[in-house]
Amino acid sequence: MSVTGQELSGFVRRALLGISGIREEVDNERIYFFQHGRLFSIVDDDGLQFIVGDECMKEALRRPGALLEQPSGKRCKGVIRVTPDKCTETDLDFWLLLALPTNQGTLDPVVLH
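Residues numbered from 1 in each chain as written. Predicted model: local features only at pLDDT ≥ 70, side-chain atom pairs only at ≥ 80, totals over all residues. Heavy atoms only, no water.

Participant: If you had to explain the pairing of strand 6 (residues 79-82) to someone new, which residues and values would you point to?
Facilitator: Every second residue of strand 6 is oriented toward a common face, with Val 79 and Arg 81 on one face and Ile 80 and Val 82 on the other, all of them buried. For strand 4 (residues 47-51) and strand 6, the ladder comprises 4 bridges, and the chain directions are antiparallel. Residue pairing for strand 6: Gln 49 is matched across the bridge by Arg 81. For strand 5 (residues 66-68) and strand 6, the ladder comprises 3 bridges, and the chain directions are antiparallel. Opposite Leu 67, over in strand 6, you have Arg 81 as the bridge partner. (Buried < 20%, exposed > 50% of the residue type's maximum accessible area, 1.4 Å probe, protein only. Helix = DSSP H or I, 4+ residues; strand = E, 2+ residues; numbered from the N terminus. Pairing = 2+ DSSP bridges.)

Following this line, the structure appears as C-alpha cells:
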C-alpha cells in the first residue's frame with residue numbers, strides 16, 4: 001500500500017503537536033514545514049525530506065530508507081530523503097528530533113551548492 005504526501009504530512013503534523021514555532025506551507029503538491037521561519041522538512045508523494053545539517057549526515061545516512069537528496073543533480077547541504085515505507089512513527093520521531101532547528105541550536109538557512 002502506497003502512502004500519499006497528504007497522509008505523510010498528517011503523520012508529521014501529529015508528531016509536531018505541542019512544539020512551538022511550527023508553520024507549514026503548501027506549494028505544488030509539496031508541504032513545507034518550518035520552525036521559527038527555518039525550513040526543516042518537505043513532504044510529497046515521494047517521501048519525506050529532512051534538513052539535518054552536515055554534522056549529522058553520516059548518522060542520518062545509516063538509517064533505513066535514508067538517501068542523500070540531490071534535486072536537479074545538485075547536492076543539498078545536509079538534506080536527506082526518507083522513503084515513506086521506511087518511516088514508522090518511531091523513525092519519524094527520530095528524524096524530527098534530528099531536523100528541528102531548535103534541536104540543532106542554529107537558525108541558519110539551508111544552503112544549496
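After that view of the structure, there is still more to cover.
Participant: Tell me what's going on with the sheet that holds strand 2 (residues 30-35), and back it up with residues and numbers.
Facilitator: Here 6 strands make up an open sheet; going across it, the order is 1-2-3-4-6-5 and the pairing antiparallel. In the strand order of this sheet, the two ends are held by strand 1 (22-27) and strand 5, each with one partner. Neighbour-to-neighbour, the strand axes of this sheet turn through a mean angle of 25 degrees, independent of strand direction. Relative to strand 4, strand 3 (residues 38-44) runs antiparallel, the two being bridged by 4 bridges. (Axes fitted to C-alpha atoms, helices over the stretch in contact; angles between N-to-C directions.)

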